[in-house]
Amino acid sequence: MKNFSGPLRRMLIYGFSSYFGLVLINNSELNLPNMWEAYAPMFITIYILTQWLDRKFNDQSKLK
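These remarks concern the structure in this document. Keep in mind the model is a prediction, meaning the values are calculated, not measured. (Residues numbered from 1 in each chain as written. Predicted model: local features only at pLDDT ≥ 70, side-chain atom pairs only at ≥ 80, totals over all residues. Heavy atoms only, no water.)

**Examining the environment of T45**
- Examined against the element boundaries, T45 turns out to sit in helix 2 (residues 36-63).
- Taking the relative accessible area as the measure of exposure, T45 reaches 51% and is therefore exposed. (Helix = DSSP H or I, 4+ residues; strand = E, 2+ residues; numbered from the N terminus. Buried < 20%, exposed > 50% of the residue type's maximum accessible area, 1.4 Å probe, protein only.)

**Examining the side chain of R9**
- Turning to its location among the elements, R9 is positioned in helix 1 (residues 2-26).
- Only 2.6 Å separates the side chain of R9 from the side chain of D54, close enough to count as a polar contact.
- Filtering out sequence-adjacent residues up to four positions away, R9 remains in contact with D54, F57 and N58. (Polar contact = N/O pair within 3.5 Å; in protein donor to acceptor, adjacent residues only side chain to side chain. Contact = heavy atoms within 4.5 Å.)

**Here we look at the pattern of salt bridges**
- In the structure shown here, the tally under the stated rule is two salt bridges.
- We note a salt bridge from D54 to R9, for which the minimum N-O separation is 2.6 Å. With D54 in helix 2 and R9 in helix 1, the pair connects residues that are 45 residues apart, well separated along the chain. As far as burial versus exposure is concerned, D54 and R9 are alike and both buried.
- For R10, the salt bridge identified is with D54, shortest N-O distance 2.9 Å. Of this pair, R10 sits in helix 1 while D54 sits in helix 2, placing them 44 residues apart in sequence. (Salt bridge = Lys/Arg side-chain N within 4 Å of Asp/Glu carboxyl O.)

And the structure:
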């Protein structure tokens, strides 16, 4: 099970944060000619956030 904890943790962090970001953007009533102008920075930010949170959780699990 330990082999699956890292990928599963990353998948859950990315899934929840992506869904939350999409809900925010879709409900913001943005009127952009190309929605990629909103989605691309959001997904880049979510990727960076996912990597940072994963490192934080991984560092805490090593302390136990």
